[in-house]
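Topology and contacts: notes
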2 protein chains.
Amino acid sequence: MEAQWITALQQRIGKERVQTGTADRHSYSYDGSFGEFLPEAVVQVRSTAEVVAVMETANAFLVPVTPRGQGTCLSGGPLPVKGGIVLDMSQWPSSVDITPGDLTARVSPGTLTAAIHAAAEEHGLMYPPDPSSAHVSTIGGNLAENSGGPRGLKYGVTKDYVIGLEVVTPEGKIMQAGGSTIKNVTGFDLTKLIVGSEGVLGVITAATLKLIPKPPAVQTIMASFASMETAGEAISTTLTSGILPAKMEFIDQACALAVEAYQPSGLPTDAAAIVMIELDGNEESIQVEARQVSQIMKELGALEVIEPKTPEAAAAIWKARKMVSPAIAKIKPTKVSEDATVPRSQIPAMTARLADIREKYSVSLVVFGHAGDGNLHPNILCDKRDQEEMKRVELAVGEIFEAAIELGGTLSGEHGIGTMKSSFMEQELGAVGVDMMRRIKDAWDPNGIMNPGKIFAEPGQRLVLTDE
Amino acid sequence: MEAQWITALQQRIGKERVQTGTADRHSYSYDGSFGEFLPEAVVQVRSTAEVVAVMETANAFLVPVTPRGQGTCLSGGPLPVKGGIVLDMSQWPSSVDITPGDLTARVSPGTLTAAIHAAAEEHGLMYPPDPSSAHVSTIGGNLAENSGGPRGLKYGVTKDYVIGLEVVTPEGKIMQAGGSTIKNVTGFDLTKLIVGSEGVLGVITAATLKLIPKPPAVQTIMASFASMETAGEAISTTLTSGILPAKMEFIDQACALAVEAYQPSGLPTDAAAIVMIELDGNEESIQVEARQVSQIMKELGALEVIEPKTPEAAAAIWKARKMVSPAIAKIKPTKVSEDATVPRSQIPAMTARLADIREKYSVSLVVFGHAGDGNLHPNILCDKRDQEEMKRVELAVGEIFEAAIELGGTLSGEHGIGTMKSSFMEQELGAVGVDMMRRIKDAWDPNGIMNPGKIFAEPGQRLVLTDE
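Residues numbered from 1 in each chain as written. Chains lettered and ligands numbered in written order. Predicted model: local features only at pLDDT ≥ 70, side-chain atom pairs only at ≥ 80, totals over all residues. Heavy atoms only, no water.

From N to C terminus, chain A includes 15 helices and 18 strands. Whereas a compact globule of 468 residues would reach a radius of gyration of roughly 23 Å, chain A reaches 22 Å, a difference of no more than 12%. Its C-alpha atoms put chain A at 70 × 60 × 45 Å along the principal axes. Expressed as a percentage of the 468 residues in chain A, the buried residues total 63%. Summarising the internal contacts of chain A: among those between residues at least 6 apart in sequence, 71% fall at separations of at least 24. Split by element, the accessible area of chain A, about 16,100 Å² in all, is 51% carbon and sulfur. For chain A, the distance from the average site of its 40 positive side-chain charges to the average site of its 57 negative ones is 3 Å. (Helix = DSSP H or I, 4+ residues; strand = E, 2+ residues; numbered from the N terminus. Rg over C-alpha atoms; globule rule 2.2 N^0.38 Å. Buried < 20%, exposed > 50% of the residue type's maximum accessible area, 1.4 Å probe, protein only. Contact = heavy atoms within 4.5 Å. Areas by Shrake-Rupley, 256 points an atom, 1.4 Å probe, with all protein chains shown as cover. Lys, Arg positive; Asp, Glu negative; His and termini not counted. Charge placed at Lys NZ, Arg CZ, Asp CG, Glu CD.)

Structural data, given as structure tokens:
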């Protein structure tokens, strides 16, 4: 016999979109991070009214609700760690409604981020946030996690482009946050509180995004270096020279080797580090800047500096960069992906700490990331069936977090806290910071049904990657 | 006999910085907005430990605390509307500590914003937010109110440049929010919740600000138009042409006449509207953009387009723009300054509504503002001793708010809600939005002592500008 709340949901949403079969539930038990948790039901909502129905029912029956877009999350946001309902937003009809005169777009939560990029470009506009998953992830998920991406260096992250939200609260009320204006200081900034709150404060059902004029020209530069240190120096010299590139990425030798093994892309495999830069602006200015950047790279000892002369050649470099994540995933069955972030000047120190951690725990640790804003992606490649190895990975991950915090950095630059980093929160924020966050959570979700088990650690909780 | 809490404060802070004399209290009874309220005591704090002492004492004795920088606020933020303590932050020693490699600055709350601009420039960097009051207002006040300014068009507002805060909570605990990294998604974004919360959630005692490379060159353009409509069209055509100016301001004829009467500055006084633009970037690109912008202005029927050829000539135009506020204040004894903001495309509609309101209530209403981002500053010049006139002003202000909301806009683009706009909050945000804000306030400040009487209206409260 179905639970009473499932019957209630089926009455309000319709039986075909309230799934309780084992296969369906298994399809919603994982995301792009670590761990599997089986929900009791999956509800595929397609409108704000349906989200209200789900939240009202869940709140009345005290059933946990975990919103989910396309499940590409790297920190466990859509994992139903306490069971209950997975609220599948991916079946919601896509819509991107652009008002060119306002430079804004109103979007539905299930819309793929790449569809927003494409729609903006049709009007000569740009939606800058560009997470690597943009072609498969929903804007709702990007909003919940405050996704970043390479262009974050110059243009900022998802939060910087959200001016209004419609949100269904944990108690099932429809709330408008922000509005349609670029500037808005009417009351507390609930928009920016909700973006990045990982689905624990409510369900985002619509968003108004800010667009910008699309820069007319771009120029890519790729430089390789014999050591991580010289690459770091070249990055920091560029950033203090008065030039702000749109993107400034780096990958280490292990990543380059993995990409070339996975799909040959012409990356140099003999260098310790490769730096990839994109300048944007008008034609005149980027040619001047490209000459300056190339000169900085050469003066600081680059092994090679490449300025692709065609859009295709430039696209090949950025495609190779996007391939890093799938390529390294082929090395071993399990990939533990982190995003510890440090102040820009601490990148060389952080890469040195990562090299020590790799050696100390004999783990297969590779590094790539958004060098320009200090946001590294140390990835540990392992096999979750190997308990002894996972114990070493567990210790290595803990030490990565500690290193980031010691260097004045943060646990997470763009993936979120989710399930794996919650026990480290107090170390970074102190007890007062965590307490003030929890007060907001408790005031908004008095029954604790909205995506429970995320961000806030339970007493005594610690990181566990083994089956213990 | 002094109240017990005053004695307690004098013991902890020292008698000389806990002022209770009538003259002292009167000096802290007003700000740049409307209304006068006498505090019971003024405490001049100079350290985080002293703020903790004040908040602990105030929380124990249930005494209201209102933080204050230089009192330039245009929405009543530093007004002690419920009496109690004014916490004067202006005597706190200034400090701007720049880490060039990280592109960040750590600042103390009493530092003048102009001092941060100057310190950043010494390193070839820029702190973009530029409220007109920058040379007399403190960064603490800018943070509390999320100040904007002309450069907001391209660079965003204060909130966009804050990456970390130290805050003393209403209960006297020291909280760290955010950190030192550009990207940070560790837990809720308390930094952006506190910036712009008008001092009702805690006292900001230190901030880490993001800086950017200073653009190497700037070019100013001034164009005058025979009607507000053509000026609006020129603005919107420029913004959809792929050019994003650093600043795009406009002033109406009444403002130009006031400036020329106050201090002759060479503004055209025969035009209905003047548009002032600043382009920045490298020399090559801004010359190209300047030609494009001039051509757009001319094609759309500008009476005159001026491109100043020297830095001094450009500075004179921006000085004239800054003079608008003091110049119009000379017209009549009282200035009611608003900042209703609409989606960019609604600027012509909003200026038409303002013209109707001016006529309907026979008020002396002038308009200037940040045209590029829809942030207008309608100012009503009046005499607060004239009760009949103030009644008309009261109705006109209410109708300005209604017009902004009807056009998809907001009550406040950069000045804040404070005392005068609180009764209109629910009209814009709905009951749910206001309720969710109030839950945060109540959870953080259970005794309601932190800057009470701001943002949230009391039952039945309405805008009153007369002595009724």
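So, next bit.
Taken together, the contact between chain A and chain B spans 80 residues of the former and 80 residues of the latter. Contact between chain A and chain B buries roughly 6,300 Å² in total, counting both sides, with carbon and sulfur atoms accounting for 65%. If you sort the residues of chain A by the area they bury against chain B, Lys183, Val185 and Phe188 of chain A come out on top, with a joint share of 15%. With a shortest N-O distance of 2.8 Å, Glu171 of chain A and Arg439 of chain B are connected by a salt bridge. When contributions to the side of chain A that touches chain B are tallied by element, the ones reaching two or more residues are β9 (174-178), α7 (190-194), α10 (283-299) and α15 (425-444) of chain A. Here the element with the most residues in the side of chain A that touches chain B is α15 of chain A; it accounts for 12 residues. (Buried area = accessible area lost by both parts, 1.4 Å probe. Salt bridge = Lys/Arg side-chain N within 4 Å of Asp/Glu carboxyl O.)

Let us now look at the domain arrangement of chain A. Residue and element names in this part refer to chain A. Along its sequence, chain A is carved into domain 1 (1-214), domain 2 (217-323) and domain 3 (332-406). Placing the centre of domain 1 and that of domain 2 at their C-alpha centroids yields a distance of 34 Å. Listed by partner, the interface residues are 8 residues for domain 1 and 9 residues for domain 2. Across the interface of domain 1 and domain 2, roughly 820 Å² is buried in total on both sides, 56% from carbon and sulfur atoms. Per-residue buried area on domain 1 facing domain 2 is highest for Pro150, Leu153 and Lys154; these three make up 64% of the total on that side. For the pair domain 1 and domain 2, the number of links is 1 salt bridge. A salt bridge links Asp280 to Lys154; the nearest nitrogen and oxygen atoms lie 2.7 Å apart. The interface formed by domain 1 and domain 2 contains 2 residue pairs in polar contact (both at pLDDT 80 or more). (Domains from an automatic or database assignment. Polar contact = N/O pair within 3.5 Å; in protein donor to acceptor, adjacent residues only side chain to side chain.)

A separate point is the pattern of salt bridges. A full pass over the atoms with the stated rule returns 46 salt bridges over all chains. Where Lys332 of chain A meets Glu389 of chain A, a salt bridge forms, and the shortest distance between an N and an O atom there is 2.7 Å. Of the two residues, Lys332 of chain A is situated in the loop between α12 (324-329) and β16 (334-337) and Glu389 of chain A in helix α14 (residues 387-406); the sequence distance between them amounts to 57 residues. Here Lys332 of chain A falls in the partly exposed class, since its relative accessible area comes to 28%. Where salt bridges share partners, they join Glu171 of chain A together with Asp435 and Arg439 of chain B into one cluster.

Here we come to the relation of the copies chain A and chain B. Mapping chain A onto chain B calls for a screw motion: a turn of 180° about the axis and a shift of 0.0 Å along it, with 0.0 Å RMSD after fitting. Such values leave the two copies arranged in the relation of a two-fold axis. With an isologous cut-off of 70% or more, the 100% of interface residues of chain A that recur at the interface of chain B puts this contact in the isologous class. (Least-squares fit on C-alpha atoms with pLDDT ≥ 70 in both.)

Feature annotation in UniProt places "domain: FAD-binding PCMH-type" (unreviewed entry) on residues 35-214 of chain A, given in this structure's numbering. End-to-end, the C-alpha atoms of residues 35-214 of chain A are 40 Å apart, and along that stretch the chain is 22% helix and 24% strand. (UniProt positions renumbered as here; feature names shortened; annotations may be inferred.)

So, about the pairing of strand β2 (residues 41-44) of chain B. Residue and element names in this part refer to chain B. Because side chains alternate across β2, one face comprises the buried residues Ala41 and Val43, and the other comprises Val42 and Gln44, equally buried. In this sheet, β2 lies alongside strand β1 (residues 18-19) in antiparallel orientation, the contact comprising 2 bridges. The partner of Gln19 across the bridge, within β2, is Val42. Summarising the sheet, β2 and strand β4 (residues 85-88) pair through 4 bridges and their orientation is parallel. Bridge assignment links Val42 to a residue of β4, and that residue is Val86. (Pairing = 2+ DSSP bridges.)

This part is about the sheet that holds strand β18 (residues 375-382) of chain B. Residue and element names in this part refer to chain B. Taken together, the 7 strands give an open sheet; going across it, the order is β15-β12-β14-β13-β17-β18-β16, and neighbouring strands pair in antiparallel fashion. Of all the strands in the sheet, just β15 (304-306) and β16 (334-337) have a single pairing partner and so form its edges. Strand-to-strand twist across the sheet, computed as the mean angle between neighbouring axes with direction ignored, equals 15°. Where strand β17 (residues 364-370) meets β18, 7 bridges bridge the pair, whose relative direction is antiparallel. Paired with Phe368 across the two strands is His377, which belongs to β18. Seen against the sheet, helix α9 (residues 253-262) touches β13 (247-252), β14 (273-281) and β17 and runs at an angle of roughly 85° to β13. Helix α14 (residues 387-406) rests against β16, β17 and β18 of the sheet, and its axis sits at about 170° to β18. (Axes fitted to C-alpha atoms, helices over the stretch in contact; angles between N-to-C directions.)

Attention now goes to helix α1 (residues 4-13) of chain B. Along α1 of chain B, the residues that are buried comprise Trp5, Ile6, Ala8, Leu9, Gln10 and Ile13 of chain B. Phi for Gly14 of chain B, located one or two positions after α1 of chain B, is positive at around 105°.

Below, the discussion takes up the packing of aromatic side chains. Following the criterion strictly, the structure yields 6 aromatic pairs over all chains and no others. Between the aromatic rings of Tyr127 of chain A and Tyr161 of chain A, the centroid separation amounts to 6.4 Å while the plane-to-plane angle is 85°, which identifies the pairing as edge-to-face. Highlighted residues: Tyr127 of chain A in the loop between β7 (125-126) and α5 (139-145) and Tyr161 of chain A in the loop between α6 (152-155) and β8 (162-168), separated in sequence by 34 residues. A relative accessible area of 0% places Tyr127 of chain A in the buried class. Taking relative accessible area as the criterion, Tyr161 of chain A reaches 5% and is therefore assigned buried. One residue, Lys247 of chain B, lies across the ring of Trp318 of chain B, its end atom 4.4 Å from the ring centre. (Phe/Tyr/Trp six-rings, centres within 6.5 Å; stacked < 30°, edge-to-face > 60°. Lys NZ or Arg CZ within 6 Å of the ring centre and 35° of its normal.)

This part covers the sheet that holds strand β2 (residues 41-44) of chain A. Consider a sheet: its strands pair through backbone hydrogen bonds, and that pairing is either parallel or antiparallel. Residue and element names in this part refer to chain A. Strand order in the open sheet made by the 4 strands is β1-β2-β4-β3, with mixed pairing throughout. Each end of this open sheet is capped by a strand with a single partner; those strands are β1 (18-19) and β3 (65-68). Strands in contact with helix α3 (residues 48-61) are β2, β3 and β4 (85-88); relative to β4, the strand with the most contacts, it is inclined by about 170°.

Okay, the packing of α1 of chain B against helix α3 (residues 48-61) of chain B next. Residues and elements named next belong to chain B. The geometry of α1 relative to α3 is characterised by a closest axis approach of 10 Å and an angle of 160° between their N-to-C directions. With respect to each other, α1 and α3 are oriented roughly antiparallel. For the pair α1 and α3, the crossing hand works out as right-handed. Contact with α1, carried on its side by Gln4, Trp5, Ala8, Leu9, Arg12 and Ile13, involves Glu50, Ala53, Val54, Glu56, Thr57 and Phe61 of α3 and no other residues of that element. Of the residues in the contact of α1 with α3, the class split is 7 nonpolar, 2 polar and 3 charged. (Parallel < 35°, antiparallel > 145°, perpendicular 65-115°, else oblique. Left-handed = near helix turned anticlockwise from the far one by under 90°. Nonpolar A, V, L, I, M, F, W, Y, C, P; charged D, E, K, R; others polar.)

Residues and elements named next belong to chain A. You will see that Leu62, though not glycine, has its phi angle at about 55°, which is positive. One can find Leu62 in the loop between α3 and β3. Owing to a relative accessible area of 53%, Leu62 belongs among the exposed residues under this scheme.

This part takes up a negative patch on the surface. A cluster of acidic side chains, namely Glu283 and Glu284 of chain A together with Glu283 and Glu284 of chain B, defines a negative patch on the protein surface. Listing elements by their share of the negative patch, those giving two or more residues are α10 of chain A together with α10 (283-299) of chain B. With respect to the element layout, Glu283 of chain B can be found in helix α10. (Patch = residues over 30% accessible without salt bridge, like charges linked within 9 Å, V, L, I, M, F, W, Y side chains within 5 Å.)

Residue and element names in this part refer to chain A. For Thr104, the position within the fold is in strand β6 (residues 104-107). When its relative accessible area of 7% is taken as the criterion, Thr104 is described as buried. Beyond its immediate chain neighbours, meaning those up to four positions away, Thr104 contacts Asp97, Ile98, Thr99, Ile163, Ser180, Thr208, Leu209 and Leu211.

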